[in-house]
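# Working through the structure, step by step
Below, each chain spelled out in residue letters.
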Amino acid sequence: MADSGRVKEYEGYLAKGYEPDKDDLVCEYYLEPAKGITFEGACQRIASESSIGTWTDIGTMPQEMFDRLSPKVFSLDKKSGIVKIAYPKELFEEGNVAQIMSSVAGNVFGMSDVTNLKLLDIDFPADFIRHYHGPHYGIEGIRKLMKVYHRPLVGTIVKPKLGLDEEKHAKVAYEAWMGGCDIVKDDENLSSMGFNNFDKRVKLTLNAKRKAEKETGEKKAYLPNVTAPYNEMARRARHVVANGGEFIMVDVLTVGWSGLQSLRDLNLKAAFHGHRAGHAAFTRNPKHGISMLVIAKLCRLIGIDQLHVGGIVGKMYEGKEEVTAVGEEIESKVVSEDFARHRLQENWHSLKPMLAVCSGGLHPAKVQPLVHAMGRDIIIQAGGGIHGHPQGTIAGARAMRQAVDAEMLGVEAKDYAKSHFELAAALKKWKK
Ligand code: CAP
Ligand code: MG
């Protein structure tokens, strides 16, 4: 029993029919209550624990405070398990992604009152979006920087993931650029190793990039992975820019929201490439965790210019529906609620769109299905699918560019391969 006059725990959060206003932050969850807990009860427990409440009534929360700050469960559907909660924006600190996630994606995942809970989407109020930078370049800016306007960009990851020294790394990168890659990046677990020092690698690989640019007449990009404890990460990012680098790569989840925000807030004139290593710990279970859409939206808010969203047809486990939905969302200005795959309405105001990076098990035979599913505004990235080419990295990069050229011409890869031997060799090795 609650002490008289106190706000009762887990009550007062239901507000069916409430229309979220422009100052609300709206979250959509999938929810399965634990045995013995009603669906409505579980919704209220989630609303409470993610905002102002706790498991019992308390003497420190006057009714006036509850009325002002309590979130509203305005839509709940027991059959589908979908719940929408509107939170007043006062519950969130301006410009603090970590605090938002500690609220709406924090304790709630561990509550014994729910069996499964997945944060599917967040819709941010306009006033809130204004406190974030968003991407510095966005899709248009990246295309302008790379001078590639109408086709997917072609990228590779230097392989093996770890093991090459600085000279060999720069050589593999040079060969990939010479063969036709626009972009070369470090792998997600390459930082500064005993056998491959970050500063030296960046210097040598940027020199190789400039050489490849001169020899091919094409713009090239090198994306060094700065992932490290924050102070060292900031130093590495500055080192990249000081040496003429225009791109910085970072593992968005393992450095954490705070590290990522602080890195972007350095306001370096560089484009940020976000690798999502570890995302599947949150995204893979369809019933529990955090969706890729939420992770992607937070990255766009903070200011990542291009983000890994999945390869659909590659080596990684992923739902095609989710990948294409994320791809469309991050590249759109306004997403309306009735748009087939989207759940909440979102207006990104002045925040630029991010470019989708497709990666993981890709090779020339995968180009056509990928472009058909994701469109041309993508980066197609292949590591094994380039360095594993029977004739080596240069031929592997050529084969990948040829597959993209064929797709842009509307020619089947196997027909284009009749006059392009590198593509023919790739299609022979990797069929589908
Ligand atoms: C691809 C990759 C990427 C993954 C990440 C790798 O290499 O470099 O990190 O694709 O997956 O190490 O696996 P391959 P996602 O081309 O050799 O597979 O982009 O889906 O997060
Ligand atoms: Mg990788």
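Residues numbered from 1 in each chain as written. Chains lettered and ligands numbered in written order. Predicted model: local features only at pLDDT ≥ 70, side-chain atom pairs only at ≥ 80, totals over all residues. Heavy atoms only, no water.

The next thing to look at is the coordination of the magnesium ion (ligand 2). Within the protein, the magnesium ion (ligand 2) binds to Asp187 (OD) and Glu188 (OE); these donor distances fall in the range 1.9 to 2.0 Å. Each of the two residues, Asp187 as well as Glu188, counts as buried. (Donors = N, O, S within 2.8 Å, 3.2 Å for Na, K, Ca; no water. Buried < 20%, exposed > 50% of the residue type's maximum accessible area, 1.4 Å probe, protein only.)

Below, the discussion takes up the pattern of salt bridges. Enumeration over the complete set of coordinates arrives at 31 salt bridges. For Lys200, the salt bridge goes to Glu167, with nearest N and O atoms at 3.6 Å. One end of the pair, Lys200, is in helix H7 (residues 198-216); the other, Glu167, is in helix H6 (residues 166-179), with 33 residues separating them in the sequence. Using a relative accessible area of 38% as the deciding quantity, one classes Lys200 as partly exposed. On the accessibility criterion, Glu167 (45% relative accessible area) is partly exposed. The salt bridge partner of Glu213 is Lys209, with a shortest N-O separation of 3.0 Å. Residue Glu213 and its partner Lys209 are located together in helix H7, separated by 4 residues, close to a single helical turn. (Salt bridge = Lys/Arg side-chain N within 4 Å of Asp/Glu carboxyl O. Helix = DSSP H or I, 4+ residues; strand = E, 2+ residues; numbered from the N terminus.)

It is worth spelling out the environment of Phe109 at this point. Here Phe109 shows up in the loop between helix H3 (97-104) and strand S4 (114-123). Between the alpha carbons of Phe109 and Gln63 there is a distance of 27 Å; along the sequence they are 46 residues apart.

Take the pairing of strand S2 (residues 72-77) next. For a regular strand, side chains alternate in direction, first toward one face of the sheet and then toward the other. As paired strands, S2 and strand S3 (residues 82-88) are joined by 5 bridges and run antiparallel to one another. Its bridge partner being in S3, Leu76 is matched across the sheet by Val83. Counted along the chain from S2 to the antiparallel partner S3, the turn is 4 residues long, and its residue Gly81 has a positive phi close to 80°. (Pairing = 2+ DSSP bridges.)

Applying the stated criterion to the full structure yields 5 aromatic pairs. Through a chain of ring-to-ring contacts, three or more aromatic side chains come together here, namely Phe124, Phe128, Tyr132 and Trp348. The ring of Tyr18 carries the charged tip of Lys72 above its face, separated from the ring centre by 5.1 Å. Here the basic side chain of Arg236 rests over the ring of Phe198, its NZ or CZ set 5.4 Å away from the ring centre. (Phe/Tyr/Trp six-rings, centres within 6.5 Å; stacked < 30°, edge-to-face > 60°. Lys NZ or Arg CZ within 6 Å of the ring centre and 35° of its normal.)

Let us now look at the domain arrangement of the chain. When its domains are assigned, the chain resolves into domain 1 (25-129) and domain 2 (138-429). Relative to domain 2, the C-alpha centre of domain 1 lies at a distance of 34 Å. Taken residue by residue, the interface counts 25 residues in domain 1 and 26 residues in domain 2. Looking at the side of domain 1 facing domain 2, the largest losses of area belong to Val97, Lys118 and Ile129, adding up to 27% of the total buried there. One can count 2 salt bridges joining domain 1 with domain 2. Two residues, Glu32 and Lys287, come together in a salt bridge whose shortest N-O distance is 3.3 Å. The tally of links between domain 1 and domain 2 comes to 13 residue pairs in polar contact (both at pLDDT 80 or more). Where the side of domain 1 that touches domain 2 is concerned, the elements lending two or more residues are strand S1 (24-33), H3, S4 and helix H4 (126-129). The greatest single-element share of the side of domain 1 that touches domain 2, amounting to 9 residues, is contributed by S4. (Domains from an automatic or database assignment. Contact = heavy atoms within 4.5 Å. Buried area = accessible area lost by both parts, 1.4 Å probe. Polar contact = N/O pair within 3.5 Å; in protein donor to acceptor, adjacent residues only side chain to side chain.)

This part takes up the state of the cysteines. Tallying each qualifying case throughout the model produces 0 disulfides. Between Cys27, a cysteine without a disulfide, and Cys43, which holds the nearest cysteine sulfur, the sulfur-to-sulfur distance is 13 Å. Among the cysteines around Cys181, which has no disulfide bond, Cys358 carries the closest sulfur, lying 15 Å off. You can call Cys181 buried: its relative accessible area is 0%. (Disulfide = S-S within 2.5 Å.)

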